[in-house]
Amino acid sequence: MALARRRPSVLSLSVILASVLAAIALAASCGGGSNGKSSEIAADVACAEGQTNCGGACVDTGNDASHCGACGHACSSGTVCSHRQCAASCREGETTCGGGCVVLATSTVDCGGCDRRCASGQECREGACVAAGCGGGTTSCGGACVDLSSSATSCGACGRACPTGQVCSHGECHPACEDGATSCGGACVVLGSSHDHCGRCETACASGQVCSNGACVAGCAQGLTTCGGACVDTRTDATHCGACGRPCGAGRTCQDGTCSGAPTCPVNATACGDDCAYLQSDYFNCGSCGHVCGTGEKCEEAQCKQVCPADRPWDCGGTCVDLNVDPKNCGNCGANCASGQTCSGGACGGGPRTCPVNATACGEACAYLQTDYFNCGSCGHVCGTGEKCEGAQCKQVCPTDRPWDCGGTCVNLESDARNCGTCGNACAAGQVCSGGVCAGGGPTCPVNATACGNACVYLQSDYFNCGACGNVCGAGEKCISASCNQVCPAAHPWDCSGTCVDLMVDASNCGTCGTACASGQTCTNGSCGGGTPACPIGATACGNACVYLQTDYFNCGTCGHVCGAGQKCIGASCAQVCPVDHPWECGGACVDLRDDPKNCGTCGTACAAGQTCHDGVCRT
């Protein structure tokens, strides 16, 4: 790695001189000795951010098969290095590159594919090399890169300043620093490794230097990792545990690169491993730790609920589609293929459509006639409202108040005058159906029930007759006490004029519906106050809520960055969760290597013009 030229300081000249003398002494011992043994001295080298000096070479101990977890710890044949440990295989979403497990969407060494290294000053985002932002566990606050774990003016979150007389330690304000740390301008730092306070508070290392043992040097010593200009031991450093910028929570320690002890979680959050999760709404910990929802699902009230089916996992304006094969939504919602073209792997192209086993070509797309809502049993046969396709037939999904299916229509045989007692049994003119029996005159309804037309209904709870006959509730509502009410999730349990809110944190409805906090204020525990919410270590304030940017679906990497349909947030990047009919990931897109002409057999293998891909082989 090339370093920019700069005038050497007296201290750096001293380091160079010491290195030269050490090299001379080493050469003398090697050349003049008669015992045949030599001493191995690993020189201090300038490694890139997050890399460790192992025998003079800069490596990533998180995925290096020769130095897995620590310098010299090599994985055995047939195993890979995954997250500082030798394992039989890589985790979901990771790719094996050179014996190590990497995430192609974020790895600067294998960005988008193995051995695709980003240039100096770049970082890897979603499998593409782009200009780098802040690194080394720092966060951009007002255009400056700051360490939220120790900054007195941005402690735990941008702009959250500690009160006068307090210091910032591990992202939280405290009356004093922990043992081993020193207060420098309100920030708790370790003088032995702080780039901006190296050896003493007023000493900052120059650009390109790192702080090691309280001295500014060109590179880190053997076994130490460069993190934000500091040389740290990621095996024991609680601020950089296992990797740069991975802090342990308050009161926790770092042992062998792993945080030990349970994290201190906020109210309603649960400790799941090293992180705090909200089991009511967490996609990866729904109802219990480690319970991951499936493709097209979301977590509501601690239960995984289907949004879109697995064969059409993307939501385009309220319609579930498969962006990989839908010619009207090819690759993106609303992207229409030209007439005569088909959509394959999210790209429009010509030629006949080759469908997988059990699928049928319907126009420009492949459909599964056994289950396809829009092609049920035959191409173009669309099921009706409230129906689903099962066994190539449209079947009604009937609600509890109309539980019988009569020719595809949901009815109540107890009160339906056209289907009284049995399907098709219509009452005579002027008669009503009561208890499954036709009778003359107005219907005789039970206590608390009301006659609406020829049927008896309960206005207090009837979805189609809520409060009055014919008053139908809207989508997502239910009839409660004769009023249509929104069905609110546990994370927003209060109903304010039809909108689900959390009165504990909602600045527009703080404590009670309609109570708005003043400009610049936030709502905490139902009371308005100044400042931003106090978030735990590792969490970031996004508006009035604390989120984990590493895993939050709606705030992935940055506040407000929502992952797309079929994606999940892994390591602060949106990663594609591929459906079963497109199980391979190529550059962030889910494809079927068996029939994709742009990725035939392997990623990036494109068939020639006029050819199609069949069973992973290009054919004419």
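Residues numbered from 1 in each chain as written. Predicted model: local features only at pLDDT ≥ 70, side-chain atom pairs only at ≥ 80, totals over all residues. Heavy atoms only, no water.

Asker: I'd like to hear about the overall build of the chain, residue by residue, with values.
Answerer: In terms of regular secondary structure, the chain is built from 1 helix and 52 strands. Here the chain holds 620 residues, and 34% of them are scored as buried. A separation threshold of at least 6 residues defines the contact pool for the chain, and within that pool the share at least 24 residues apart is 15%. Within the structure as shown, the chain displays about 32000 Å² of accessible surface, and the carbon and sulfur contribution to it stands at 52%. (Helix = DSSP H or I, 4+ residues; strand = E, 2+ residues; numbered from the N terminus. Buried < 20%, exposed > 50% of the residue type's maximum accessible area, 1.4 Å probe, protein only. Contact = heavy atoms within 4.5 Å. Areas by Shrake-Rupley, 256 points an atom, 1.4 Å probe, with all protein chains shown as cover.)

Asker: Give a description of unusual backbone geometry that names residues and reports values.
Answerer: Residues other than glycine seldom take positive phi values, yet Ala-302 does so here, at roughly 65°. The topology assignment puts Ala-302 in the loop between β23 (297-300) and β24 (303-306). Here the phi dihedral of Ala-392 falls at roughly 65°; this positive angle occurs in a residue that is not glycine. Secondary-structure assignment places Ala-392 in the loop between β31 (387-390) and β32 (393-396).

Asker: Go over a nonpolar patch on the surface with me, naming the residues and quoting the values.
Answerer: A contiguous nonpolar surface patch, about 230 Å² in accessible area, is contributed by Trp-494, Met-504 and Val-505. Mapped onto the elements of the fold, Trp-494 is located in strand β41 (residues 494-496). Residue class for Trp-494 comes out partly exposed when judged on its relative accessible area of 35%. (Patch = residues over 30% accessible without salt bridge, like charges linked within 9 Å, V, L, I, M, F, W, Y side chains within 5 Å. Salt bridge = Lys/Arg side-chain N within 4 Å of Asp/Glu carboxyl O.)

Asker: So, the pattern of salt bridges: which residues are in play, and what are the values?
Answerer: Counted according to the given criterion, the structure contains 3 salt bridges. Between Glu-202 and Arg-200 there is a salt bridge, with the nearest N and O atoms lying 3.8 Å from each other. What makes Glu-202 exposed here is its relative accessible area of 59%. The partner of Arg-594 in a salt bridge is Asp-592, and the shortest N-O contact between them spans 2.8 Å.

Asker: So what's going on with the state of the cysteines? Residues and values would help.
Answerer: Counting across every chain of the model gives 18 disulfides. A sulfur-sulfur distance of 2.0 Å marks the disulfide that ties Cys-184 to Cys-201. Across the disulfide from Cys-184 to Cys-201, rotation about the S-S bond amounts to roughly -75°, and the bridge is consequently left-handed. With Cys-184 in strand β13 (residues 182-184) and Cys-201 in the loop between β14 (187-189) and β15 (210-212), the pair connects residues that are 17 residues apart, well separated along the chain. (Disulfide = S-S within 2.5 Å.)

Asker: Tell me about the side chain of His-195, and please be specific about residues and values.
Answerer: Mapped onto the secondary structure, His-195 falls in the loop between β14 and β15. Of note is the side chain of His-195, whose polar atom sits 3.3 Å from the side chain of Asp-196. Here Ala-206 takes part through its backbone oxygen, which lies 3.5 Å from a polar atom of the side chain of His-195. Not counting residues within four places of it along the chain, the set of residues in contact with His-195 comprises Thr-203, Ala-204, Cys-205, Ala-206, Gln-209, Val-210, Cys-211, Gly-228, Gly-229 and Ala-230. (Polar contact = N/O pair within 3.5 Å; in protein donor to acceptor, adjacent residues only side chain to side chain.)

Asker: Give me the lowdown on the environment of Arg-312, citing residues and values where you can.
Answerer: Looking at the secondary structure, you find Arg-312 in the loop between β24 and β25 (314-316). Take Arg-312: its relative accessible area is 15%, and that puts it in the buried class. Residues Arg-312 and Leu-323, spaced 11 residues apart in sequence, show a C-alpha to C-alpha distance of 7.9 Å. Arg-312 has contacts with Cys-320, Val-321, Asp-322, Tyr-373 and Phe-374, leaving out every residue within four places of it along the chain.

Asker: Got a sec to walk through the side chain of Ser-193? Specific residues and values, please.
Answerer: Within the fold, Ser-193 resides in the loop between β14 and β15. Note on Ser-193: relative accessible area 14%, which makes it buried.

Asker: An account of the environment of Cys-114 is requested, with residue identities and associated values reported.
Answerer: Structurally, Cys-114 can be placed in the loop between β6 (100-102) and β7 (122-125). Judged by its relative accessible area of 38%, Cys-114 falls in the partly exposed class. Sequence-wise, Cys-114 and Val-103 are 11 residues apart; in three dimensions their C-alpha atoms are separated by 9.9 Å. Other than its neighbours up to four places away in sequence, Cys-114 contacts Thr-96, Cys-97 and Leu-104.

Asker: Before we move on, can you summarise the confidence of the model for the chain with the specific residues and values?
Answerer: Residues at a pLDDT of 70 or more form 77% of the chain, whose mean pLDDT is 74. Contacts from residues 1-42, a stretch scored under 50 in pLDDT, to residues over four places away or in other chains number 16 contacts. (pLDDT = per-residue confidence, 0-100.)

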